[in-house]
Amino acid sequence: SGLSHPYGITYSSKNQYIYVTNQDTNSVTYYDLNGNYIGTFASVNTPRGIATDSNGYIYVSSEGDNTLYMYNAQGNVVRGFNVTVPIGVTVDNYR
């Protein structure tokens, strides 16, 4: 599946997928390492930044609803954090 207005991109070494936030469809699209479309998840209002952690969780900043979402590898929301106008996101895998 093609992208329409991609914004953020990240790679998960745990899941072996490339994830892209797609603003026009308000979703996250993911691909295998050969660029083959795997799937789409999320219904996010104006997704911007995206990052993954060493456990395979995916973090997506939603500018439209002022939330940073945490998804599991299956694309289900695990948690949401209210923040003001989130644009970018990064994850520190060291504690």
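Computed from a predicted structure; not experimentally measured.

Chemist: Got a minute to help me understand the pairing of strand E4 (residues 37-41) in this structure?
Modeler: Relative to E4, strand E3 (residues 27-31) is paired through 4 bridges, and the arrangement is antiparallel. Within E4, the residue paired with Val-28 across the bridge is Phe-41. Two successive antiparallel strands, E3 and E4, enclose a turn made up of 5 residues, where Gly-35 displays a positive phi of approximately 85°.

Chemist: In this structure, what is going on with the pairing of strand E1 (residues 6-12)? I would like to understand it.
Modeler: Remark: a regular strand shows side chains that alternate across the two faces of the sheet. Bridge count for E1 against strand E2 (residues 17-22) is 5 bridges, and the pairing is antiparallel. When the sheet's bridge partners are listed, Thr-10 is paired in E2 with Tyr-19. Counted between consecutive antiparallel strands, the loop separating E1 from E2 contains 4 residues, among which Gln-16 sits at a positive phi close to 60°.

Chemist: When you look at the packing of aromatic side chains in this model, what are you seeing that I'm missing?
Modeler: Both the distance between ring centres and the angle between the ring planes are used here to describe each pair of aromatic rings. Here the structure, examined in full by the defined rule, presents 8 aromatic pairs. On the basis of an interplanar angle of 90° and a centroid distance of 6.3 Å, the ring pair of Tyr-17 and Tyr-19 is categorised as edge-to-face. Accessibility expressed as a relative area gives 1% for Tyr-19, which makes it buried. Between Tyr-19 and Phe-41 the ring centres are 6.3 Å apart and the planes differ by 75°, which places this aromatic pair in the edge-to-face class. Linking Tyr-19 in strand E2 with Phe-41 in strand E4, this pair joins segments that are 22 residues apart in sequence. Taken as a pair, Tyr-19 and Phe-41 share a single burial class, namely buried. Three or more aromatic residues joined by ring pairs form one cluster here, namely Tyr-17, Tyr-19, Tyr-30, Phe-41, Tyr-69 and Tyr-71. Geometry around Tyr-7 places Arg-48 over its ring, the cationic atom sitting 4.8 Å from the centre.

Chemist: Got a minute to help me understand the pattern of salt bridges in this structure?
Modeler: Oppositely charged side chains may form a pair once their charged atoms are brought near each other. In total, this model carries 1 salt bridge according to the counting rule given. Taking the shortest distance from any N to any O, the salt bridge between Glu-63 and Arg-48 comes out at 2.4 Å. Of this pair, Glu-63 sits in the loop between strand E6 (58-62) and strand E7 (67-71) while Arg-48 sits in strand E5 (residues 47-52); the two residues are 15 residues apart in sequence, bridging distant segments of the chain. The exposure class assigned to Arg-48 is buried, which follows from its relative accessible area of 17%.

Chemist: I tried to follow the sheet that holds E4 on my own but got confused; where do I start?
Modeler: Each strand in a sheet pairs with its neighbour through backbone hydrogen bonds, running either in the same direction (parallel) or in the opposite one (antiparallel). Taking strand neighbours across the sheet as the criterion, the 4 strands line up as E1-E2-E3-E4 in an open arrangement whose pairing is antiparallel. Either end of the sheet is taken by a strand with one partner, and the two such strands are E1 and E4. In this sheet, adjacent strand axes meet at a mean angle of 20° when their direction is disregarded.

Parameters at a glance
- Residues numbered from 1 in each chain as written.
- Predicted model: local features only at pLDDT ≥ 70, side-chain atom pairs only at ≥ 80, totals over all residues.
- Heavy atoms only, no water.
- Pairing = 2+ DSSP bridges.
- Helix = DSSP H or I, 4+ residues; strand = E, 2+ residues; numbered from the N terminus.
- Phe/Tyr/Trp six-rings, centres within 6.5 Å; stacked < 30°, edge-to-face > 60°.
- Buried < 20%, exposed > 50% of the residue type's maximum accessible area, 1.4 Å probe, protein only.
- Lys NZ or Arg CZ within 6 Å of the ring centre and 35° of its normal.
- Salt bridge = Lys/Arg side-chain N within 4 Å of Asp/Glu carboxyl O.
- Axes fitted to C-alpha atoms, helices over the stretch in contact; angles between N-to-C directions.

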